[in-house]
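Residue-level structural notes
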Amino acid sequence: MRRTADIDALQHVLCAALGSREPVCSLARLGEGAAAFAALGPAVLDRPTLIGGAAPYAPSHPAPSHRSLDELVRRAKALEVSQVLVPHVRRSDDTGPLREAGFVPVAAAAEGVVRLAGPTGQAVTAYDTGGTDEVDGAARGADWERFTLSELDARPWAREAFAALHRRADDRAGGGAHGGGLYGAAALDALARGPLGKRTEMLVSRADGAVVHVALLTASHNGRGVYVLAQATDDGAPAARDGSATAACLCEVCLGARRSGLDWVHLGRGDATRLRRLGADLLVPLDHWLRAPGLAPVPGEAERAGEAEEAAVTAFAAPAVRAVPVPGPARFRRQPRFDLVDLSSNTHPFLGAGSRYPQLDTTELATAYLATLGRWPGHDGLGALNADHLLFTSGAVDGAALLLTALASPGDRVCVTSPTFPLYEHFARVQWLSVVDVPLRGDDAADLDVDAILAAGPRVTVLCDPNNPVGTRLDEDRVRALVERGDGLVVIDEAYVEFSEKPSYAPLVGRYDNLVVLRTLSKAWGLASARCGVVLARPGVVEALRRVQVPFGFTDASQRAVGDRLTRAEEVLAGVRRVRAERERMAAALAEHPAVDRVFPSETNFLLVRLREHEQVLDRLYGAGILVADTGRALPDTCRISIGDRHANDALLEALPAAL
């Protein structure tokens, strides 16, 4: 519905509903859409208004150009109408011409999209499995009928049911007091006879012979998706009381779209929480733009309704990074492209969805990740972060490499604390950075030498906590002291933190501008093949990383895998408990084995073990078909043993030599 021709066609439908040649009515008559204007007072609500779009029918209206706004204002003047509305404009559009023409933004609801080839497709999954409260058995068993509007004349009962259900809905919302009826029979007839009639279908649900739910579905002009243009439910039906009829209808639409090979379903507008529950994985914030005599922005609305702006790049960014923008299409990641005919990317047109580039807008996936993580033990206070604090990367090691690229210049110092993950030093050296090693102290390699690190004056300090390969946690007070006293950036790699019973540092990201936390979904979340890492940092740091990140690195397949796993977080948490239990069993068994000199304490999914006869034991294990990590260079005579399932763990215990 982003084409001017489609908006014009829907404006004719609006005129038919109003019974007038011009789309002029009071804002109060727009039904549920009028709620956004309530704070502006009755004068604004009741004043005749020229509707410069197709509200309430169009999902969203393209932001008008200077030329089209000039024409709209002239049209209002000729009609002697002093108030003009451009409804439901996407916040990501260029709204500069609207502001210059004297229009004021008023925050509206979001529009929700289920991307069937995107991160989740939750509505489809929920309907397939029955695994949602929104869809009960009665709704799943509904009798659905679907036909194009060109067949409407042969089904007069459908026309009457459509008008009756919407009339009741309008009366419940109070629209009847203002004339109401914008979704009535006249509007339906105009839609059926107009240019959109051949692209629009009616979906009807019956129960005991009576129509209980009706929806209008319009195919997109790019042939890739479908819009749910309107819905209404019999308020006397049981499914109307718990909302399951609406959810079932949307799931039926998603299933049909998926069978037809479509990419997305536009669910319409509504509350963000409700849209997410119905499966939307793309939410697009909308604003109404109103021009009225004496109208000034409602306090707070200008900030909430203004265009989304990128955060200013952090002062920690390398000078070369501060001088360049985010590359290529990543600059436009917040501008939805699902409903465009995209001829800009030079991709193959005939080989299916795999020939298209991945989704760039991962805001909903980031929101879901933070919400899920915030419910886990050790993450109290994570709610202070939002999607602007998060960047998805191709694994946590990619996040570490991006940080060094974006925040350090050749010759800058990078501090590592051996024993630690060796790729930190590797990435630093290949980028011509000077590496300073301040070894961890103590028998458990858990004592952080804060004074020595500060004396080195590093641009970036990378800590691995829990430590790989040791498995221990650093002292929290010393870590905080390093963050608070240092001038450089402190990066904490928490790849294994879900296996620890001590808290994460992630909630502190919003408090310290020099703190970055790396996470991964390869370990506790079991998605090593999806290659998904997470950088949690202040928005200015995230902005710097976007400038050096390769666009489209986070694939659609990875996004789908992450989205699906986030819906099964309890299963993941149960798996963590099983790993911990096996870790403790293995630690006890290995500690008593004659081939083992010491088992280090661990808060990870592995154990560091010092062997009595290092090389011989590793040879014996390899000969038994068992591979462990040789960490002898980091800590003499040690190996790192991952916790496997019980069968794998028992095989290792049996293969260890009884005597050497």
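Thresholds applied
- Residues numbered from 1 in each chain as written.
- Predicted model: local features only at pLDDT ≥ 70, side-chain atom pairs only at ≥ 80, totals over all residues.
- Heavy atoms only, no water.
- Helix = DSSP H or I, 4+ residues; strand = E, 2+ residues; numbered from the N terminus.
- Contact = heavy atoms within 4.5 Å.
- Areas by Shrake-Rupley, 256 points an atom, 1.4 Å probe, with all protein chains shown as cover.
- Lys, Arg positive; Asp, Glu negative; His and termini not counted.
- Charge placed at Lys NZ, Arg CZ, Asp CG, Glu CD.
- Pairing = 2+ DSSP bridges.
- Axes fitted to C-alpha atoms, helices over the stretch in contact; angles between N-to-C directions.
- Buried < 20%, exposed > 50% of the residue type's maximum accessible area, 1.4 Å probe, protein only.
- pLDDT = per-residue confidence, 0-100.
- Parallel < 35°, antiparallel > 145°, perpendicular 65-115°, else oblique.
- Left-handed = near helix turned anticlockwise from the far one by under 90°.
- Nonpolar A, V, L, I, M, F, W, Y, C, P; charged D, E, K, R; others polar.
- Phe/Tyr/Trp six-rings, centres within 6.5 Å; stacked < 30°, edge-to-face > 60°.
- Lys NZ or Arg CZ within 6 Å of the ring centre and 35° of its normal.
- Expected span 1.5 Å × (residues − 1).
- Arc of directions from axis to C-beta.

**Some thoughts on the overall build of the protein**
- In terms of helices and strands, the protein carries 23 helices and 23 strands.
- Seen through its principal axes, the protein has C-alpha atoms that stretch 95 × 55 × 45 Å.
- Taking the contacts inside the protein whose residues are at least 6 apart along the sequence as the reference set, 73% of them involve residues at least 24 apart.
- Per element, the accessible surface of the protein, about 28,600 Å² overall, is 50% carbon and sulfur.
- Computing the positive centroid from 72 side-chain charges and the negative centroid from 83, the protein places the two 4 Å apart.

**Considerations on the pairing of strand β23 (residues 638-642)**
- Both strand β21 (residues 606-611) and β23 contribute to a ladder of five bridges, which runs antiparallel. From the neighbouring strand, Leu-607 faces β23, where its bridge partner is Ile-641.
- When strand β22 (residues 629-630) meets β23, the two strands line up antiparallel, connected through two bridges. Residue Ala-629 lies in a different strand from β23, and its bridge partner there is Arg-640.

**A word on the sheet that holds strand β1 (residues 24-26)**
- Pairing in this open sheet of five strands is mixed, and the strands run β1-β2-β3-β12-β4 from one edge to the other. At either margin of the open sheet sits one strand with a lone partner, and together these are β1 and β4 (104-107). The mean angle between the axes of side-by-side strands here comes to 35°, regardless of whether they run parallel or antiparallel.
- Bridge count for β4 against strand β12 (residues 286-291) is four bridges, and the pairing is antiparallel. In the sheet register, Val-104 faces β12, and the bridge partner there is Leu-290.
- Contacts from helix α3 (residues 66-78) reach β2 (48-51), β3 (83-90) and β12 within the one sheet, and its direction differs from that of β3 by about 145°.

**Section: the environment of Met-1**
- Tracing the backbone shows Met-1 in the segment before α1 (4-18).
- Since its relative accessible area comes to 1%, Met-1 is described here as buried.
- In this structure, the C-alpha to C-alpha distance between Met-1 and Asp-143, residues 142 residues apart in sequence, is 29 Å.
- If near-sequence neighbours (up to four positions away) are discounted, Met-1 is found in contact with Asp-6, Ile-7, Leu-10, Pro-59, Ser-60, Pro-62, Leu-196, Thr-218, Tyr-227 and Leu-229.

**Some details on the confidence of the model for the protein**
- Scored by pLDDT, the protein comes out at a mean of 88, with 90% of its residues at no less than 70.
- Contacts of residues 301-308 to residues separated by more than four positions or lying in other chains number 22 contacts, the stretch itself having pLDDT below 50.

**Remarks on the environment of Arg-546**
- Looking at where Arg-546 falls in the secondary structure, it is placed in helix α19 (residues 539-546).
- Judged by relative accessible area, which is 16%, Arg-546 ranks as buried.
- Taking the C-alpha atoms as reference, Arg-546 lies 49 Å from Asp-234; in sequence the two are 312 residues apart.
- Beyond its immediate sequence surroundings of up to four residues, Arg-546 is in contact with Val-326, Pro-327, Arg-333, Leu-390 and Leu-391.

**Details of the packing of α1 against helix α8 (residues 185-193)**
- For the pair α1 and α8, the least separation of the axes is 8 Å and the interaxial angle reads 150°. Judged by the inter-axis angle, α1 sits roughly antiparallel to α8. Along this stretch, α1 crosses α8, giving a crossing that reads as right-handed. Contacts between α1 and α8 involve Leu-10, His-12, Val-13, Ala-16 and Ala-17 on the former and, on the latter, Ala-186, Ala-187, Ala-190 and Leu-191.
- Here the contact of α1 with α8 is built from residues that sort into eight nonpolar, one polar and no charged.

**A closer look at the environment of Met-202**
- Positionally, Met-202 belongs in strand β7 (residues 200-207).
- Accessibility expressed as a relative area gives 0% for Met-202, which makes it buried.
- With 29 residues separating them along the chain, Met-202 and Gln-231 place their C-alpha atoms 9.8 Å apart.
- Setting aside residues no more than four positions away along its own chain, Met-202 makes contact with Glu-145, Arg-146, Phe-147, Leu-149, Leu-152, Ala-158, Phe-162, Leu-188, Val-214, Ala-215 and Leu-216.

**So, the pairing of strand β13 (residues 390-393)**
- Neither face of β13 is open: one carries Leu-390 and Phe-392, the other Leu-391 and Thr-393, and all of them are buried.
- Bridging between β13 and strand β19 (residues 533-536) involves four bridges; their strand directions are antiparallel. Across the sheet, residue Leu-391 finds its bridge partner in β19, namely Val-535.

**Brief notes about the sheet that holds β23**
- Ordered by their spatial adjacency, four strands build an open sheet running β20-β21-β23-β22, and the pairing between neighbours is antiparallel. Edge positions in the open sheet fall to β20 (596-599) and β22, since each of these has one partner strand only.
- Where helix α21 (residues 569-591) meets the sheet, it contacts β20, β21 and β23, and its direction lies at approximately 5° from that of β21.
- Contacting β21, β22 and β23, helix α22 (residues 614-623) crosses the sheet at an angle of about 130° to β21.

**Quick notes on the packing of aromatic side chains**
- In this structure the tally under the stated criterion is nine aromatic pairs.
- On the numbers, 4.3 Å between centres and 15° between planes, the contact of Tyr-357 with Phe-552 is stacked. Here Tyr-357 is found in the loop between α13 (319-322) and α14 (363-374), whereas its partner Phe-552 is found in the loop between α19 and α20 (556-566), with 195 residues between them in sequence.
- Since its relative accessible area comes to 45%, Tyr-357 is described here as partly exposed.
- Over the aromatic face of Phe-147 sits the side chain of Arg-155, whose NZ or CZ is 4.4 Å from the ring centroid.

**Here we look at unusual backbone geometry**
- With an omega of -5°, the peptide bond running from Ser-418 to Pro-419 counts as cis.
- Inspection of the secondary structure puts Pro-419 in the loop between β14 (413-416) and α16 (423-430).
- Omega for the bond connecting Asp-465 with Pro-466 falls within 30 degrees of zero, at 0°, which places this linkage in the cis form.
- In this structure, Trp-432 is a non-glycine residue whose phi angle is positive, near 60°.
- Relative to the helices and strands, Trp-432 resides in the loop between α16 and β15 (434-437).
- Phi at Phe-552 is positive, roughly 65°, even though this residue is not glycine.
- Residue class for Phe-552 comes out partly exposed when judged on its relative accessible area of 23%.

**Overview of α3**
- Across its 13 residues, α3 extends 18 Å between first and last C-alpha, which sits within 8% of the 18 Å expected from 1.5 Å per residue.
- Listed in full, the buried residues belonging to α3 are Leu-69, Leu-72 and Ala-76. Across the axial projection of α3, the buried residues extend over an arc of 60°, all falling on one side. Across from the buried face of α3, at angles greater than 90 degrees, the exposed residues are Arg-67, Arg-74, Lys-77 and Ala-78.
- Count one or two residues on from α3 and you reach Glu-80, which has phi positive near 60°.

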